Amino acid sequence: MFDQPLLIAILVMMAVSWLPRMLPLLLVRKRITNPFIRSFLYYIPYAVLATMTIPAIFTATNSVWSAAAGLLVALALGFYGRSLLTVAIGASAAVFVIERLLQFI
């Protein structure tokens, strides 16, 4: 079914992906009490999410200006505690309006 180099490549990718996730669980047995490390680990999900979404935001539209407008609207709505649906609709509407305005320029 699979040729041998492809199977080896899949197994190597699996190991490379699996080891960084499992080693901390295997090596760190006791609770982390250091406040610096705890605060660092607290912010990792937010940093990873931002790292994945910011480039996607700026490459998803025809213009950097419409992407920036959508991002600013999303940040403002999120800052004021709006729901996820409201933020998504607001950002999409901002991108739509700016894209239409840029067509006339």
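Our subject is the structure listed above.
These notes cover the structure that comes with them.

### A look at the side chain of Glu-99
Tracing the backbone shows Glu-99 in helix H4 (residues 84-104). For Glu-99, which is buried and forms no salt bridge, the nearest opposite charge comes from Arg-100, at a distance of 6.0 Å.

### Some thoughts on helix H3 (residues 64-79)
Here H3 is 16 residues long and its end C-alpha atoms lie 22 Å apart, about the 22 Å a rise of 1.5 Å per residue gives. Where H3 is concerned, the buried positions are Ser-66, Ala-67, Ala-69, Gly-70 and Leu-71. The inward-facing, buried residues of H3 abut helix H2 (35-59) and H4. With a side-chain oxygen positioned 3.0 Å from the backbone nitrogen of Trp-65, the residue opening H3 is Ser-63.

### A closer look at the packing of aromatic side chains
The tally for this structure, following the rule as stated, stands at 4 aromatic pairs. On the numbers, 5.0 Å between centres and 85° between planes, the contact of Tyr-42 with Tyr-43 is edge-to-face. Using a relative accessible area of 52% as the deciding quantity, one classes Tyr-43 as exposed. Here a set of aromatic residues connected by ring pairs shows up, and it is made of Tyr-42, Tyr-43 and Tyr-46.

### Side note on the environment of Val-73
Mapped onto the elements of the fold, Val-73 is located in helix H3. When its relative accessible area of 27% is taken as the criterion, Val-73 is described as partly exposed. Counting along the chain gives 14 residues from Val-73 to Val-87, while the straight-line C-alpha distance between them is 7.7 Å. In contact with Val-73, not counting residues within four places along its chain, are Gly-90, Ala-91 and Ala-94.

What counts and how
- Residues numbered from 1 in each chain as written.
- Predicted model: local features only at pLDDT ≥ 70, side-chain atom pairs only at ≥ 80, totals over all residues.
- Heavy atoms only, no water.
- Helix = DSSP H or I, 4+ residues; strand = E, 2+ residues; numbered from the N terminus.
- Buried < 20%, exposed > 50% of the residue type's maximum accessible area, 1.4 Å probe, protein only.
- Lys, Arg positive; Asp, Glu negative; His and termini not counted.
- Salt bridge = Lys/Arg side-chain N within 4 Å of Asp/Glu carboxyl O.
- Expected span 1.5 Å × (residues − 1).
- Contact = heavy atoms within 4.5 Å.
- Polar contact = N/O pair within 3.5 Å; in protein donor to acceptor, adjacent residues only side chain to side chain.
- Phe/Tyr/Trp six-rings, centres within 6.5 Å; stacked < 30°, edge-to-face > 60°.

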